[in-house]
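Listed below are the residues making up each chain.
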Amino acid sequence: MSSAAALERRDVDNEHVGRRVERREDDAYLRASATYTDDIRHDGTVQLAFVRSSHAHATVDEIDVGPALAIDGVVAAYTWADIADSPSPGVLPIRTGSLERNVPGHPVLAIDRVRYHGQPVAAVVATGPYIAADAVDAVSVTYTPKTPVLDPVTAPDEDAPNVHDGVPDNVIARTGRGDPTATDRAFDCADHVTSITLENNRLIPNALEPRVAQARYDTVRDRFTVELASQSVHGHRRKLAETLGVPSRKLRVIAPSVGGGFGHKGHHHPGEAMAAWAARDLGRPVKWTATRRENYLEGAHGRDHHTEAAIALAADGRIRGLRVDTIANVGAYGLGGSAAMSGWYGSLLSSEYAIPAIHCATRGVFTNTCPIHSYRGAGRPEAIYVTERLVDAAAHELGFDPVTIRRHNLIPSDAFPYETAIGTTYDSGNYEPALDRALDGIEYDRLREAGRNRADGRLRGVGVACYTESTGGGHESAVVRLEPDGHVDVAVGTHSHGQGHETTYAQLVADVMERPLANVSVNEGDTTATPTGTGTFGSRSAVVGGNAVVSCAETVLDDARSLAADILGVDAVTLSYREGHFAADDESISLADLAARSYAWNAPDGVEPGFRTATSYAPDGTAYTFGTHAVEVAIEPDTGALDIVRYVAVDDCGRRINPTLVEGQVHGGVAQGLGQARSERTVYDESGRLATDRMLAYALPRSIDVPRIETEHTVTPAPGNELGVKGIGEAGTIAAPPALVNAVVDALADRGVRHVDMPVTDECIHQTIQSSD
């Protein structure tokens, strides 16, 4: 039976897909019985801590670890010289294929020079965290400061300091997407051109759990075991192996419960590599737990795009072309593929619109700041923000309602698959119903009739943002087998750190095999116990991991059917199957009985114990989620105080496996998106020191800052995978920032305001109002 046929059945009691099944993993979290990496205790464990640079850019003249080693309880102290004397390369891997120049990766400890505030310079190991902290303070480092380059916009200037000697203009990647000639023609023929300058503010990821690792080294087997907070244990194993200079088979990586990721835990950092290196050097377990401040200083930041953009239109509001020039801050080092990541974002600049010509030029530049990497959305929020702000700005200049100009340019539902002018092919879409539901939900027509000025004196505005999101890339591996008692074991190469895989994967498998949820176990996060996979990021797990487990479950059931047919002496196609039993005429056999027989010494040839099945699944193309979010705001003109009155999110992620989990992902994404739009901003002072280096200085949204989020949905199945599902994890971070900024600008439009940069704080609004009077 095919995936679609198996999962479309609606006549069995144990059917779960499409229903609001409670998350099975929550009980452990709510009862504080979940085990995080920092909770794990190994005998003889010592604590690793880092001496970090107090400068943004300097040469390291001398490091004196002697005073630290003199402290009772200090086990070791390391500098780059120790790493260099070992067989390990000691440098985090960087993908250089699409880069203009070969540049060094991030060293575990600084080599002669520091390039950002907080870069690890030396490491100490002690019997406890407080002794390790004292040892860090005791290490003496002598620097010769160098002038830092902090502004990515001026970093390519001829007189700007060089972050790396091999990159004289600080530009590590130049990317062009689309057709510049066609775009020039579109602008030459346009009736109207709207231009805008945008900043997509730098953000600091704030998962509940900071980065953490525990490493052990088995001297007999020459093998590492590293427990850490990871979104991709197999990816971390590969990168750790490169940094340590050992084959991947010498590493076992385990991610127990993980307190959130947001991209921040999907890549490699010095902490876990240094812990593993020290564990081998000392022959005892080594633990490293980042403080919140360390996470801010060196944990990789997100966004930080600076864009000049223009949109060309005909007099009737038809979009003729889009031209975008972006400088993307890479920070001081590339991490994995981060240096090339800036070139990806242009792929979604068409948003939901039929735009005949687009060209996007992007430069990724080095600065003396913390490295940038993927943060929830990873290029999608940056692209949609550009287009949705441009469309709104053009509507105001031309005198169109912002919704009218959007509706006028939507890609028709019968045009899919649709190749955009930037070269991206959207698999499916039906944009207008989602737009209509969002408008109905926010009561758009009523708000427009009521006007911006109300009796209470507050200025009212409504903002709309349409979006598309690419989801489900790459391949994923899964293994499904039956225990002798018929219990179903599922192992997947993804990792759940809040997504709810233990629930959704179980729902999928339970429906294919018509078994209760309690009869399905899901395992992730261990390179020894799970098949080699890609991991969880980029809204991919349901699309790729979900289809992988279903494919395996179907094969298990088919193999069990074949054995049942042999035992019952009938043709397999004549067997019926229902709720764990195969039947033919008056005879039947249970799945549990078949599982037990598959483990027997006299099992038929070719029958795998437990009908174990492994697969690697890749969808037929990318699945594109889409939707429309709408926001109503009210502003106190005397103070700039902003109230988000209502927020409506309408999203289409194809078939919804668990509506509650989908809505939870939307809620979380919107909260993060509103945090970027309203309050979050990373600030470096003139010397390059991080000013927002702790939660008291970095304005995360609080519960009172997030409005009630009203969620609705449409369903347009993805044609490129058997389940018809699309990802949803990043939709809120994509749509919320432009929707809110559009609403604020709309509220201030009568005062001549055409744009405000994020974060749109009350102070920012007050200053904008004052300058417009």
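Model, not experiment: these values are computed from the prediction.

### Points about the overall build of the protein
Right, so step 1: Within the protein one finds 20 helices and 28 strands.
Right, so step 2: Whereas a compact globule of 773 residues would reach a radius of gyration of roughly 28 Å, the protein reaches 28 Å, a difference of no more than 12%.
Right, so step 3: For the protein, the spread of C-alpha atoms along the principal axes amounts to about 85 × 70 × 50 Å.
Right, so step 4: For the protein, buried positions account for 61% of its 773 residues.
Right, so step 5: Of all intrachain contacts in the protein linking residues separated by at least 6 positions in sequence, the fraction that spans at least 24 positions is 80%.
Right, so step 6: Taking the average place of the 70 positive charges on the side chains of the protein and the average place of its 106 negative ones, the gap between the two points comes to 1 Å.

### Focus on the domain arrangement of the protein
Right, so step 1: Under the domain assignment used here, the protein contains domain 1 (3–34 + 474–617) and domain 2 (427–471 + 623–772).
Right, so step 2: Between domain 1 and domain 2, the C-alpha centre-to-centre distance is 38 Å.
Right, so step 3: Listed per partner, the contact involves 27 residues of domain 1 and 22 residues of domain 2.
Right, so step 4: In total, about 1,800 Å² of surface goes out of reach between domain 1 and domain 2, with carbon and sulfur atoms giving 55% of it.
Right, so step 5: The largest per-residue losses of area from domain 1 upon contact with domain 2 belong to Arg20, Ser539 and Val543, which jointly make up 33% of the total buried on that side.
Right, so step 6: Salt-bridge contacts for Arg20 lead to Glu663; the nearest nitrogen and oxygen are separated by 2.8 Å.
Right, so step 7: Remark: the boundary between domain 1 and domain 2 carries 13 residue pairs in polar contact (both at pLDDT 80 or more).
Right, so step 8: The set of elements that each furnish at least two residues to the side of domain 1 that touches domain 2 consists of α1 (3–7), α15 (501–513) and α16 (541–568).
Right, so step 9: Element by element, the count of residues in the side of domain 1 that touches domain 2 is highest for α16, at five residues.

### A few points about the pattern of salt bridges
Right, so step 1: Under the counting rule described, the total for this entry stands at 41 salt bridges.
Right, so step 2: As a salt-bridge pair, Arg406 and Asp392 come within 2.7 Å of each other at their nearest N and O atoms. On the criterion of sequence distance, the pair formed by Arg406 in helix α12 (residues 402–409) and Asp392 in helix α11 (residues 380–398) is long-range, its members being 14 residues apart.
Right, so step 3: Note on Asp392: relative accessible area 2%, which makes it buried.
Right, so step 4: Two residues, Arg407 and Glu432, come together in a salt bridge whose shortest N-O distance is 2.7 Å. Remark: Glu432 occurs in helix α13 (residues 431–442) and Arg407 occurs in helix α12; sequence separation between them is 25 residues.
Right, so step 5: Via salt bridges that share partners, Glu443, Arg446, Arg646, Arg708 and Glu710 belong to a single interconnected network.

### Side note on unusual backbone geometry
Right, so step 1: Look at the link from Phe416 to Pro417: it is a cis peptide, with omega at 0°.
Right, so step 2: Looking along the chain, the bond that leaves Met758 and enters Pro759 is cis, with omega of -5°.
Right, so step 3: Residues other than glycine seldom take positive phi values, yet Ser351 does so here, at roughly 50°.
Right, so step 4: The residue Ser351 is located in the loop between α10 (338–341) and β15 (357–366) in this model.

### Quick word on the pairing of strand β28 (residues 709–713)
Right, so step 1: In this sheet, β28 lies alongside strand β27 (residues 642–652) in parallel orientation, the contact comprising five bridges. Within the sheet, the bridge partner assigned to Tyr647 lies in β28 and is Ile709.
Right, so step 2: Taken together, β27, helix α18 (residues 659–678) and β28 form a β-α-β motif whose crossover is right-handed.

### Some thoughts on the side chain of His359
Right, so step 1: With respect to the helices and strands, the residue His359 is situated in strand β15.
Right, so step 2: The residues touching His359, leaving out its near neighbours within four places in the chain, are Gly176, Arg177, Gly178, Asp179, Pro180, Thr183, Leu322, Arg323 and Val324.

### A closer look at the packing of aromatic side chains
Right, so step 1: Going through the model one piece at a time under the given rule, you end up with ten aromatic pairs.
Right, so step 2: A ring pair is formed by Tyr217 and Phe224, whose centres lie 4.8 Å apart and whose planes are at 50°; its orientation type is tilted.
Right, so step 3: Looking at Phe224, the relative accessible area reads 0%, which means it is buried.
Right, so step 4: Ring centres 4.9 Å apart and planes at 50° place the aromatic pair Tyr426 and Tyr624 in the tilted group. Here Tyr426 is found in strand β17 (residues 425–426), whereas its partner Tyr624 is found in strand β26 (residues 623–635), with 198 residues between them in sequence. Residue Tyr426 shares its accessibility class with Tyr624, and that shared class is buried.
Right, so step 5: The ring of Phe187 has Arg323 lying over it, and the distance from NZ or CZ to the ring centre is 4.1 Å.
Right, so step 6: Over the ring of Phe537 we find Arg540, and its NZ or CZ is 5.8 Å from the ring centre.

### Considerations on helix α20 (residues 762–772)
Right, so step 1: Buried within α20 are the following residues: Cys764, Ile765, Thr768 and Ile769. Along the axis of α20, the buried positions cluster into a sector of 130°, meaning they face one direction only. Residues Glu763 and Ser771 are exposed on α20 and point more than 90 degrees away from its buried face.
Right, so step 2: Elements that come into contact with the buried residues of α20 comprise β26, β27 and α19 (731–747).

### Some details on a negative patch on the surface
Right, so step 1: A cluster of like negative charges, contributed by Asp151, Asp157, Glu158 and Asp159, occupies part of the molecular surface.
Right, so step 2: Secondary-structure assignment places Asp157 in the loop between β6 (140–145) and β7 (171–178).

### Things to note about the pairing of strand β23 (residues 581–584)
Right, so step 1: Burial of β23 is one-sided: the residues Phe582 and Ala584 facing one way are buried, the residues His581 and Ala583 facing the other way are not.
Right, so step 2: Two elements, strand β22 (residues 576–578) and β23, share three bridges in a ladder whose sense is antiparallel. Note that in β23 the partner of Tyr577 across the bridge is Phe582.
Right, so step 3: Following β22, the chain reverses through two residues before pairing antiparallel with β23; Glu579 in that reversal takes a positive phi of roughly 50°.
Right, so step 4: Alignment of β23 against strand β24 (residues 587–590), held across four bridges, turns out to be antiparallel. Across the sheet, the residue bridging to His581 is Ser590, located in β24.
Right, so step 5: Linkage of β23 to β24, two consecutive antiparallel strands, is achieved through a turn of two residues, within which Asp585 is found at a positive phi near 55°.

### Thoughts on the environment of Glu15
Right, so step 1: By the secondary structure assignment, Glu15 is in the loop between α1 and α2 (26–30).
Right, so step 2: What makes Glu15 buried here is its relative accessible area of 3%.

### Here's the deal with helix α17 (residues 591–598)
Side chains that are three or four residues apart share a direction in an α-helix, a result of its 3.6 residues per turn.
Right, so step 1: If you check which residues of α17 are buried, you get Leu591, Leu594, Ala595 and Ser598. Buried residues of α17, viewed axially, fall in a sector of 100°; they line one side.
Right, so step 2: Among the structural elements, β19 (476–482), α15, α16, β22, β23 and β24 are those in contact with the buried residues of α17.

### Things to note about the sheet that holds strand β25 (residues 613–617)
Strand pairing in a sheet is mediated by backbone hydrogen bonds. Such pairs are either parallel or antiparallel.
Right, so step 1: In space, the four strands of this open sheet follow the order β21-β20-β19-β25, with mixed pairing throughout. The strands lining the two open edges of the sheet, one partner per strand, are β21 (520–523) and β25. Averaged over neighbouring strand pairs, the angle between their axes works out to 20° when direction is ignored.
Right, so step 2: Summarising the sheet, strand β20 (residues 488–492) and β21 pair through four bridges and their orientation is parallel. Bridge pairing in β21 links Val490 to Val522.
Right, so step 3: Here α15 sits on the sheet in contact with β19, β20 and β21, set at roughly 135° to β21.

Rules and cut-offs
- Residues numbered from 1 in each chain as written.
- Predicted model: local features only at pLDDT ≥ 70, side-chain atom pairs only at ≥ 80, totals over all residues.
- Heavy atoms only, no water.
- Helix = DSSP H or I, 4+ residues; strand = E, 2+ residues; numbered from the N terminus.
- Rg over C-alpha atoms; globule rule 2.2 N^0.38 Å.
- Buried < 20%, exposed > 50% of the residue type's maximum accessible area, 1.4 Å probe, protein only.
- Contact = heavy atoms within 4.5 Å.
- Lys, Arg positive; Asp, Glu negative; His and termini not counted.
- Charge placed at Lys NZ, Arg CZ, Asp CG, Glu CD.
- Domains from an automatic or database assignment.
- Buried area = accessible area lost by both parts, 1.4 Å probe.
- Salt bridge = Lys/Arg side-chain N within 4 Å of Asp/Glu carboxyl O.
- Polar contact = N/O pair within 3.5 Å; in protein donor to acceptor, adjacent residues only side chain to side chain.
- Pairing = 2+ DSSP bridges.
- Right-handed = clockwise from strand over helix to strand, strands pointing away.
- Phe/Tyr/Trp six-rings, centres within 6.5 Å; stacked < 30°, edge-to-face > 60°.
- Lys NZ or Arg CZ within 6 Å of the ring centre and 35° of its normal.
- Arc of directions from axis to C-beta.
- Patch = residues over 30% accessible without salt bridge, like charges linked within 9 Å, V, L, I, M, F, W, Y side chains within 5 Å.
- Areas by Shrake-Rupley, 256 points an atom, 1.4 Å probe, with all protein chains shown as cover.
- Axes fitted to C-alpha atoms, helices over the stretch in contact; angles between N-to-C directions.

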